[in-house]
Amino acid sequence: EADIYQTPRYLVIGTGKKITLECSQTMGHDKMYWYQQDPGMELHLIHYSYGVNSTEKGDLSSESTVSRIRTEHFPLTLESARPSHTSQYLCASSSTRQGPTYQETQYFGPGTRLLVL
Amino acid sequence: GNSVTQMEGPVTLSEEAFLTINCTYTATGYPSLFWYVQYPGEGLQLLLKATKADDKGSNKGFEATYRKETTSFHLEKGSVQVSDSAVYFCALSSGGSNYKLTFGKGTLLTVNP
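What counts as what
Residues numbered from 1 in each chain as written. Chains lettered and ligands numbered in written order. Predicted model: local features only at pLDDT ≥ 70, side-chain atom pairs only at ≥ 80, totals over all residues. Heavy atoms only, no water. Salt bridge = Lys/Arg side-chain N within 4 Å of Asp/Glu carboxyl O. Buried < 20%, exposed > 50% of the residue type's maximum accessible area, 1.4 Å probe, protein only. Pairing = 2+ DSSP bridges. Helix = DSSP H or I, 4+ residues; strand = E, 2+ residues; numbered from the N terminus. Core = buried A, V, L, I, M, F, W, Y, C linked by side-chain atoms within 4.5 Å. Axes fitted to C-alpha atoms, helices over the stretch in contact; angles between N-to-C directions. Disulfide = S-S within 2.5 Å.

A few points about the pattern of salt bridges
Residue and element names in this part refer to chain A.
Right, on to step 1. Scanning all chains against the criterion turns up seven salt bridges over all chains.
Right, on to step 2. One salt bridge in this structure joins Lys31 and Asp30, with 3.5 Å as the shortest N-O distance. For the pair shown, Lys31 and Asp30 are each scored as buried.

Some points on the sheet that holds strand β3 (residues 19–25) of chain A
Right, on to step 1. Taken in spatial order, the four strands line up as β1-β3-β8-β7 (chain A) in an open sheet, and their pairing is antiparallel. Bordering the open sheet on either side are β1 (4–7) and β7 (65–66) of chain A, each of which pairs with just one other strand.

Here we look at the nonpolar core
Residues and elements named next belong to chain B.
Right, on to step 1. Counting residues in each nonpolar core, the largest one holds 26 residues, and the members touching the most others are Trp35, Leu47, Leu48, Phe73, Leu75 and Tyr88.
Right, on to step 2. Looking at this core, the elements with two or more residues in it are β2 (11–14), β3 (19–21), β4 (23–26), β5 (32–38), β6 (44–50), β8 (62–65), β10 (86–93) and β12 (107–112).
Right, on to step 3. Among the elements that take part in this core, β10 stands out by supplying four residues, more than any other.

Some words on the sheet that holds β3(B)
Residues and elements named next belong to chain B.
Right, on to step 1. Taken in spatial order, the four strands of this open sheet run β3-β9-β8-β7, and their pairing is antiparallel. With one partner strand each, in any of the chains shown, β3 and β7 (56–59) form the two edges of the open sheet. When strand polarity is set aside, the average angle formed by the axes of neighbouring strands in this sheet is 15°.
Right, on to step 2. Across three bridges, the pairing between β8 and strand β9 (residues 75–77) is antiparallel. Looking across to β9, one finds that Ala64 is bridged to Leu75.

Looking at the pairing of β4(B)
Residue and element names in this part refer to chain B.
Right, on to step 1. Residues Cys23 and Tyr25 point to one face of β4 and are all buried, whereas Thr24 and Thr26, pointing to the other face, are not buried.
Right, on to step 2. Note: strand β1 (residues 3–6) against β4, four bridges, orientation antiparallel. Along β4, the bridge assignment pairs Val4 with Tyr25.

Considerations on the environment of A:Gln88
All names here are of chain A.
Right, on to step 1. Looking at the element boundaries, Gln88 is found in strand β9 (residues 87–94).
Right, on to step 2. A relative accessible area of 5% means that Gln88 is categorised as buried.
Right, on to step 3. Remark: the alpha-carbon pair of Gln88 and Tyr35, spanning 53 residues in sequence, is separated by 8.4 Å.

Topic: the state of the cysteines
Right, on to step 1. For the coordinates displayed, the defined rule picks out two disulfides over all chains.
Right, on to step 2. The residue that forms a disulfide with A:Cys23 is A:Cys91, at a sulfur-sulfur distance of 1.9 Å. Taking the torsion about the sulfur-sulfur bond, which here is approximately -75°, the covalent link between A:Cys23 and A:Cys91 counts as left-handed. Taken together, the positions of A:Cys23 in strand β3 and A:Cys91 in strand β9 put the pair 68 residues apart, joining distant regions of the chain.
Right, on to step 3. Overall, A:Cys91 belongs to the buried group, its relative accessible area being 0%.
Right, on to step 4. Shown here is the disulfide that connects B:Cys23 with B:Cys90, its sulfur atoms set 1.9 Å apart.

Structure follows, in structure tokens:
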């Protein structure tokens with residue numbers, strides 16, 4: 001069972017507020033990812049990290065920012081929330097040390113459902 | 001670039017029916033293929049995977065075979081249960097320096113008693 005945690009699970013917040021979504025994993029994985037999931041289910045990669053002090057933009061442009069100061073922690077921040085940010089946000093992690101190949105399995109957290117009013 | 005096309009849903013079945021969810025892919029190199037499942041209100045869980053051609057992944061009665069000649073990785077289960085109701089995602093990773101997953105759009109399965 002994967003040990004990856006996200007808090008809060010649910011968040012309702014007003015427009016203009018700053019929010020931080022937390023993601024932590026206890027597996028020592030070097031890579032971490034943030035996905036945004038549409039109400040229609042489709043997943044979009046918005047940020048990823050190869051390791052400490054590494055962050056990259058994903059395939060979908062996002063106004064959020066991320067940081068990776070510690071291996072186990074990959075928080076996502078929205079400086080000024082808007083209704084268009086309403087979505088589910090999923091965090092995942094993976095490791096190059098999983099086996100003899102580079103075909104890595106990503107492990108997902110339970111997600112944060114964000115509603116911006 | 002990489003892409004995954006999976007059967008659009010929703011799929012509605014009766015308990016004990018046979019399930020197939022089609023998945024085809026386009027990728028460079030030799031990708032690994034995955035099926036993830038998302039139960040209501042939860043994150044994604046790895047259901048099964050296959051890392052090379054002709055490999056069969058299996059778990060919880062689900063199976064999928066990596067078919068390189070047809071670039072497919074169809075998910076099957078012989079007898080579905082109500083508890084299998086979830087969204088199923090097909091995904092690929094082309095590995096090497098590209099460790100990002102490419103997902104299909106997801107297929108919602110509902111199993112009625």
